[in-house]
Amino acid sequence: MKIKFFLIILSALAVFSIALFCGPKWISPMGLSDMDRQILLSIRLPRVVVSVLMGMALGASGAVLQGVLRNPLADPYILGISSGAALIAAAGIIFGVTIFGVFTIPVLAFAGAMVTGIFVGAMGWKRGGFWPDRLLLAGVGLGFLFSALLMLLMSVSSNEGLKRAILWIYGDLSITDWSIIPYGVIFIAVGLAIAFSRAKALNSLMLGDDLAHSLGFSPGKERFILFIAVSLMTAASVALGGMIGFIGLLIPHIGRFVVGSDSRVLIPASALGGGMLLCIADLIGKSIVSPMELPAGIITAILGAPYFLYLLRKRDVLSI
Amino acid sequence: MYSASEKHILEIKGADFSYEKEKPFIKDISLAVDNREFIGLLGPNGSGKSTLLKLASGILRPTRGTVDLWGKEIHDYSNRDRAKLLSYLPQLLDMSIPFTVREFVGMGMYPYDTLPELTVDDAIEMVGLSSYADSLITNLSGGERRRVYIAMTLLQGAGLVLLDEPLANLDIKYQIELLRLLKDLREKRDMTLIMALHDINIAFQFDRIIMIKEGRILGSGPPETVLTRERLNEAFDVDIELKRDDAGGVYIRY
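The sections below set out a description of the structure shown in this document. (Residues numbered from 1 in each chain as written. Chains lettered and ligands numbered in written order. Predicted model: local features only at pLDDT ≥ 70, side-chain atom pairs only at ≥ 80, totals over all residues.)

1. Considerations on the interface of chain A and chain B
On the chain B side, the residues contacting the 21 residues of chain A number 20 residues. At the level of elements, α8 (199-206) and α9 (209-214) of chain A are the ones that each hand at least two residues to the side of chain A that touches chain B. Looking at the side of chain A that touches chain B residue by residue, the classes come out as six nonpolar, 10 polar and five charged. (Contact = placed C-beta atoms within 7 Å. Helix = DSSP H or I, 4+ residues; strand = E, 2+ residues; numbered from the N terminus. Nonpolar A, V, L, I, M, F, W, Y, C, P; charged D, E, K, R; others polar.)

2. Observations regarding the sheet that holds strand β1 (residues 8-17) of chain B
Residue and element names in this part refer to chain B. Read across the sheet, four strands follow the order β2-β1-β4-β5 without closing on themselves; strand pairing throughout is antiparallel. Every interior strand has two partners, whereas the edge strands, β2 (26-34) and β5 (72-73), have only one. As defined by bridge partners, β1 adjoins strand β4 (residues 64-69) across five bridges and the pair is classed as antiparallel. Following the sheet pairing, L10 is matched in β4 by L69. Those strands touched by helix α1 (residues 49-57) are β1, β2 and β4, and its axis lies near 120° from that of β1. (Pairing = 2+ DSSP bridges. Axes fitted to C-alpha atoms, helices over the stretch in contact; angles between N-to-C directions.)

3. With respect to the sheet that holds strand β6 (residues 86-89) of chain B
Residue and element names in this part refer to chain B. An order of β6-β7-β8-β3-β9-β10 is seen for the six strands of this open sheet, with the pairing classed as mixed. In this open sheet, the two strands that pair with only one neighbour each are β6 and β10 (216-221). For this sheet, the mean inter-axis angle between neighbouring strands, taken without regard to orientation, is 15°. Two strands pair when backbone bridges link them, and strand β9 (residues 208-213) and β10 are joined in this way by five bridges, in the antiparallel orientation. Bridge pairing in β10 places I212 opposite I217.

4. Considering the packing of helix α7 (residues 181-197) of chain A against helix α10 (residues 219-241) of chain A
All names here are of chain A. Two elements in contact, α7 and α10, have axes whose closest approach is 8 Å; the angle formed by their N-to-C orientations is 155°. Classified by the angle between their axes, α7 and α10 sit roughly antiparallel to one another. Crossing handedness for the pair α7 and α10: left-handed. Facing G184, F187, I188, V190, G191, L192, I194 and A195 of α7, the residues of α10 in contact are I225, L226, I228, A229, L232, M233, A235, A236 and L240. When its residues are assigned to classes, the contact of α7 with α10 shows 15 nonpolar, two polar and no charged. (Parallel < 35°, antiparallel > 145°, perpendicular 65-115°, else oblique. Left-handed = near helix turned anticlockwise from the far one by under 90°.)

In structure tokens form, the structure reads like this:
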């Protein structure tokens, strides 16, 4: 297991390095010109960092949620958190809100995500604990409502912000710069730390609430803590670069195939795997039709869907 | 942790419980369990066996009355401290998650910060599954999976183990194997076992039978004194009788 994990870390470092130096223009790490240095530090590095952060948040969130909800189809977006973020942020873009300067969209997205998270959490809470089915149904119901409101908003809007809003919703990393990254790092690091510290509780929750209780955990409390971790990571991820599909669903399943189901290994492995997939997707998206760019979310779906269908044939892998 | 003078390791006093208001499901149950007892909780479907075990394990809170573990109200323990004293295996076990046997059994260490006296491999060996240690539990038979849970319980090291119908849906071979394993472990590890069952055939394997119907205790004591024709008829609503043959075997006459 240690060797496997070491190989995953090495692969992640290799992918991150490739994403940094490859692209529409190859930059050789040997003998960097001033221009190369400028491109690396101001454009490519923040973009790689954001894609790694978002991928890590989504991969780890997916691994946690599939365990918490005991549902192999769960992903960070199933709880409606991202739909809430998208609705508020897209509204901000369309109506030209600039109240927080360059941070307006991320702040609106984060606020939308957290308010939705609190609402879904309140709906899922009953008799002193979080109930997986209630959380899931509340999230799906709210997600549909927000998606409908978003479509309504976009269908009655015709201004310049519309295209930008659509690009952002499908995950657009082209507008990243350093200013927002420290906030993303903080929220995602806190979320990851909480999730990793409760990995044993997550393992026992997967066996059922009664057995989790027998092993010394309070299922309702543990689910609440893990829900907070997922909400923080998802909100930060959406605020950084919009909605990127498939990573939260696909990566934990690949992770189980490679490192097994133990959350103590699966959570960090899914985080690294998510970071790698989004880096690769963004690299392809910005290189394949250069100088145009395809949103990374479209590439993750195109890459992920066939592989997911392949995994679907291996039923064992698709259980939580 | 506890003194030898505290005889009852589990004591339920005047417990009521209801899932719905005004509809009591468990009614004024009192019982005491002593160290190293092997108790069968017998009753028909829906009699309250599982609910009583959940009350005893602290999963449910009685609406009236108390549950004491080693002389202290069970809900006054921290979750981890309780887990070191009492272990509960539910009737419906989720075996769909592809953990390996070693990963699964290793969860028995979760209540501890330091390694317990037993290792994961020791526990797996005690239930006879050493050759399956790295297998996925999804690939094991029903009987083997139950053994994996027993191994996890052994590692957890709790002196009191509550098992909800552990023999349900097992072939007779696995039922006998598991029953022998549990009795053997009780002897070797000084464990106290309370097991819910609805199969009268195995009732004579226990030190004590607690018979329950509609949330009330109909009788408690050695199987020979509790399993009378009258009480069985009352519990199961059918005219049955337990008979012994010349070889000492027990069979049901109906």
